[in-house]
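A look at the structure
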Amino acid sequence: MAASQTIAKTVYAGAFVHSISLTELEICENGAIGVDEAGVIQFIERNGSEEWKEKEGWQSAKVVRLDGKGFFFPGFIDTHTHAPQHPNTGLFGKTTLLDWLSTYTFPLEASLSSLPKAHRIYTNFVSRTLSNGTTTCAYYATRHVPATNLLSSICLARGQRALVGRVCMDSLSPEYYRDASIDSAVADSRACVEYTRSIDPTGAIVRPIITPRFAPSCTAPCLAALGALARETHSYIQTHVSENTSEIQLVAQLFPESKSYTDVYDTANLLTEKTILAHAIHLSKQERDTIRARGAKISHCPASNTALTSGCCRVRQLLDEGLTVGLGTDVSGGFSPSILEQVRQAIWTSRFVAMGDPSAGAADGKAKLSTAEALFLATRGGAQVVGLADSVGGFEVGKEWDAQMVTLGEGVADGAGEGQVDVDAFEVGGTSTALLESTNVDVFGWESSEELVEKWVYSGDDRNCAAVWVRGRLVHKRNDVVL
Ligand SMILES: O=c1[nH]c(=O)c2nc[nH]c2[nH]1
Ligand SMILES: [Zn+2]
């Protein structure tokens, strides 16, 4: 499924679900979405309407029909993850951020000086994120130029939208994994920006992103030089902020002139409308105000925040204050490459905040995120974070077809029917192994459409992701699916 495949005019027929506001999902049980050869949505019909069959040029369109339980859903947007850390997914023991970095992360990242190793990890990770319905991903790579460029090439070839960043770190990192100088950090980052622009000049699929690892890994002049490079090359910027309390203390020691962690980045001109800040757990009101004033965006990484016991981010507060928030898997601080898992984890974290997590202060009854809100963060919120709100994240005429086909299995065998059950009349068997293996979502047939969405969110996984498209191109398909 290379990005070079030609796209036929296609009508996606069946149920579709997407966010229409932070709090509302549209669930259309019988729709038809027409996508042209450029991957752009040309019409949306609801309530079983088939008017499109009369539309000029659409009579011979290919039809992808979703029968049975399931729905088309916008592709997920992962606003923060580390592709080279994928082999460490699930490996973090009882570490917290700073010892996790030195124990697990720096040795693995440093080993991607080997291009064959980088190839093996990156091809696997891009396949893994695509198979989980992720159509856009903001990737940290490593500090190696060839391996970073390889990741850009793989994303382009596989057709996954990506922001790909070479990691800059000229300070406090181990000798074996550190930029030799500010000049080399900037020159290597520039080389990656130029490479990504050379393979995808319009940036439709891959774009570069300037990536200072985090303030403790960079000297102030290096941060300032990267701010200047981002401005000169009109690039996106990603970094981490306010993840862990020891990290925040370290930043205060390293940058005594700065008012706060956020101020370190602001001073270096790294807070722009194109900046993605991962974590943002322990920010002060003043820091949140600065981030909002600069138009920078936040990637909420709930699985990682819990795995590394970094804290519970108060997402409701961020949203109420007008900040823009998306979800990030943050592999391998995060233990899953799935944004659906982050949807669940974001909901759990919000409940811990609601119950009064010690690091989150007093209980906050309003904190709980609904399923609809978490799905908004996974799609439209993410699209705002990565600068694609006009083209992806929901289904509207003029938007591009970045979508996944969610299937919810054949359903649980109807052995008993309604009414009185005579135990002796039934064979004491069980649901077939094949059915158990094909999905984790048991559908009985009496669920409402809203309930099916809830069941998918709480127990679905990549087995429910039958096919994935980016700009109308098929970029992943489950083996059993015939389209
Ligand atoms: O979750 C994180 N993952 C990382 O790789 C990292 N580096 C600095 N800070 C970090 N936080
Ligand atoms: Zn991270």
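First, a word on what this report is: a plain description of the structure on this page. These figures come from a predicted structure and were not determined experimentally.

Moving on: the overall build of the chain. Across its full length, the chain holds 14 helices and 17 strands. Along the first, second and third principal axes, the C-alpha atoms of the chain reach 75 × 50 × 40 Å. Buried positions account for 58% of the 483 residues belonging to the chain. When the accessible surface of the chain is summed, it comes to about 19200 Å², and 51% of that surface belongs to carbon and sulfur atoms.

Our focus in this paragraph is the site of ligand 1. Around ligand 1, the neighbouring residues are His82, Gln85, Leu97, Trp100, Leu101, Arg213, Phe214, His240, Glu243, His279 and Asp330. Between Gln85 and ligand 1, the recorded distance is 2.9 Å, taken from a side-chain N or O atom to an oxygen atom. Measuring from an oxygen atom of ligand 1, one finds a side-chain N or O atom of Asp330 at 2.7 Å. Computed on the free molecule, ligand 1 has an accessible area of 270 Å², of which 100% lies beneath the protein chains in the complex. Of all the elements, helix 1 (residues 97–110) adds the most residues to the shell around ligand 1, at three residues. Considered class by class, the residues forming the shell around ligand 1 number four nonpolar, four polar and three charged.

What follows concerns the environment of Gly34. Mapped onto the elements of the fold, Gly34 is located in strand 2 (residues 25–35). Taking relative accessible area as the criterion, Gly34 reaches 0% and is therefore assigned buried. Considering only alpha carbons, one finds Gly34 and Tyr12, 22 residues apart in sequence, at a separation of 6.4 Å. In this view, Gly34 contacts Thr10, Val11, Val40, Ile41, Gln42, Phe43 and Trp58; residues no more than four positions away in its chain are not counted.

The next subject is the pattern of salt bridges. Evaluation of the coordinates by the stated rule reveals 24 salt bridges. For Arg46, the salt bridge identified is with Glu26, shortest N-O distance 2.5 Å. Of the two residues, Arg46 is situated in the loop between strand 3 (41–45) and strand 4 (62–65) and Glu26 in strand 2; the sequence distance between them amounts to 20 residues. The class of Glu26 is buried, set by a relative accessible area of 16%. With a closest N to O distance of 2.5 Å, Arg463 and Asp461 form a salt bridge. Here the residues in one salt-bridge network are Arg143, Arg166, Asp179 and Asp188, joined through shared partners.

Among the nonpolar cores identified, the biggest contains 73 residues, and Phe71, Tyr265 and Trp456 are the most heavily contacted of them. Looking at this core, you find at least three residues from each of domain 1 (1–75 + 394–410 + 425–483) and domain 2 (76–385). If sequence neighbours within four positions are ignored, Trp456 has contacts with Phe71, Phe73, Phe76, Leu340, Arg344, Leu375, Gln404, Val406, Leu408, Val441 and Asn464. Listed in part, the 25 residues of the second largest apolar core include Ala118, Ile121, Leu150 and Ile154.

For the rest of this paragraph, the subject is a nonpolar patch on the surface. On the surface, Trp348, Phe352, Met355 and Tyr458 cluster together into a nonpolar patch covering about 430 Å² of accessible area. Tallying contributions element by element places helix 11 (residues 339–355) first for the nonpolar patch, with three residues. Tracing the sequence through the fold places Tyr458 in helix 14 (residues 449–459).

Surrounding the zinc ion (ligand 2) are the protein donor atoms His80 (NE2), His82 (NE2), His240 (NE2) and Asp330 (OD), which sit 2.0 to 2.2 Å from the metal. One way to put it: the four donor atoms around the zinc ion (ligand 2) meet at angles of 89 to 165°, and that makes the site irregular. Mapped onto the polypeptide sequence, the residues donating to the zinc ion (ligand 2) form the spacing pattern H-x1-H-x157-H-x89-D. Linking His82 in strand 6 (residues 76–82) with Asp330 in the loop between strand 14 (325–327) and helix 11, this pair joins segments that are 248 residues apart in sequence. A residue is classified by how much of its surface remains accessible, and His82, at 2% relative accessible area, is buried.

What follows concerns the side chain of Thr10. One can find Thr10 in strand 1 (residues 10–19). Polar side-chain contacts of Thr10 include one of 2.7 Å to the backbone oxygen of Ala8. When near neighbours in sequence (up to four residues on either side) are disregarded, Thr10 contacts Ile33, Gly34, Val35, Trp58, Lys62 and Val64.

Glancing now at a negative patch on the surface. There is a patch of like negative charges on the surface, built from Glu29, Glu450, Glu451 and Glu454. At three residues, the largest contribution of residues to the negative patch is made by helix 14. Take Glu450: its relative accessible area is 46%, and that puts it in the partly exposed class.

Each full turn of the α-helix corresponds to 3.6 residues, which orients residues three or four apart in the same direction. Of the residues making up helix 6 (residues 245–254), those classed as buried are Glu247, Leu250 and Val251. Along the axis of helix 6, the buried positions cluster into a sector of 100°, meaning they face one direction only. Looking at helix 6, the residues exposed on the side facing more than 90 degrees away from the buried face are Gln249 and Gln253. Capping the start of helix 6 is the job of one residue whose side-chain oxygen sits 2.8 Å from the backbone nitrogen of Ser246: Asn244.

Another point: the packing of aromatic side chains. Each aromatic ring pair is summarised here by two numbers: the centre-to-centre distance and the angle between the ring planes. All chains considered together, the criterion is met by 20 aromatic pairs. Geometrically, the ring pair formed by Phe43 and Trp52 is stacked, given 6.4 Å between the ring centres and 15° between the ring planes. Of the two residues, Phe43 and Trp52, neither departs from the other in class, the shared state being buried. Taken together, a centroid distance of 5.9 Å and an interplanar angle of 45° make the contact between Trp348 and Tyr458 tilted. Linking Trp348 in helix 11 with Tyr458 in helix 14, this pair joins segments that are 110 residues apart in sequence. For Tyr458, a relative accessible area of 31% gives the class partly exposed. An aromatic cluster of three or more residues is present, and its members are Tyr12, Phe16, Phe72, Phe395, Trp401 and Trp469. Its guanidinium or amino end placed over the ring of Trp58, Lys9 lies 5.0 Å from that ring's centre, counting from NZ or CZ. A cation over a ring is seen here: Arg207 above Tyr236, with NZ or CZ 5.2 Å from the ring centre.

Quick notes on the rules
- Residue positions are counted from 1 within each chain, in the order its sequence is given.
- Going through the entries in the order they are written, you letter the chains from A and number the ligands from 1.
- A pLDDT threshold of at least 70 governs which residues receive local features in this predicted model, and a stricter bar of 80 or more applies before side-chain atom pairs are shown or counted, although totals over entire chains, interfaces and linings include all residues.
- As a rule here, side-chain values come from all non-hydrogen atoms in the structure, and water together with hydrogens is ignored.
- Comment: elements are numbered from the N terminus, with helices defined as DSSP H or I runs of at least four residues and strands as E runs of at least two.
- Working definition: with a 1.4 Å probe on protein chains only, accessible area under 20% of the residue-type maximum means buried, over 50% means exposed, and in between means partly exposed.
- We get accessible surface area from the Shrake-Rupley algorithm with a probe of 1.4 Å; when it comes to residues, only the shown protein chains can shield them.
- A single heavy atom is enough: if one lies within 4 Å of a molecule or strand, its residue is considered near that molecule or strand.
- Under the rule applied, a polar contact is a pair of N or O atoms within 3.5 Å (in protein, one hydrogen donor and one hydrogen acceptor; residues adjacent in sequence only if both atoms are side-chain atoms).
- Nonpolar residues are Ala, Val, Leu, Ile, Met, Phe, Trp, Tyr, Cys and Pro. Charged residues are Asp, Glu, Lys and Arg, and all others, Gly as well, are polar.
- For this analysis, residues touch if any pair of their heavy atoms sits within 4.5 Å.
- Salt bridge, as applied in this entry: a Lys or Arg side-chain nitrogen positioned within 4 Å of an Asp or Glu carboxyl oxygen.
- Here, the term nonpolar core denotes a set of buried Ala, Val, Leu, Ile, Met, Phe, Trp, Tyr and Cys residues that are joined through side-chain atoms within 4.5 Å.
- Note that the domain bounds reflect an automated or database-derived domain assignment.
- Patches here are clusters of residues that have more than 30% relative accessible area and form no salt bridge, with a 9 Å joining cutoff for like charges and a 5 Å cutoff for nonpolar side chains (Val, Leu, Ile, Met, Phe, Trp, Tyr).
- Only N, O and S atoms count as donors, using a 2.8 Å limit from the metal and a wider 3.2 Å limit for Na, K and Ca, and since water is excluded some coordination spheres may look unfilled.
- Key to geometry: four donors with every angle between 85 and 135 degrees are tetrahedral; four donors are square planar and six octahedral where opposite donors lie over 155 degrees apart and all remaining angles lie between 65 and 115; all other sites are irregular.
- Just so you know, the count uses Lys and Arg for positive and Asp and Glu for negative, and it drops His and the chain ends.
- One atom stands in for each charge, and that atom is NZ of Lys, CZ of Arg, CG of Asp or CD of Glu.
- The arc in question is the one traced by the directions running from the helix axis out to the C-beta atoms.
- What counts as a ring pair is set by centres within 6.5 Å for rings of Phe, Tyr and Trp (its six-membered ring), and what kind of pair is set by the plane angle: stacked under 30 degrees, edge-to-face over 60, tilted for all other angles.
- Here, a charge over a ring means that NZ of Lys or CZ of Arg falls within 6 Å of the ring centre while also lying within 35 degrees of the ring normal.

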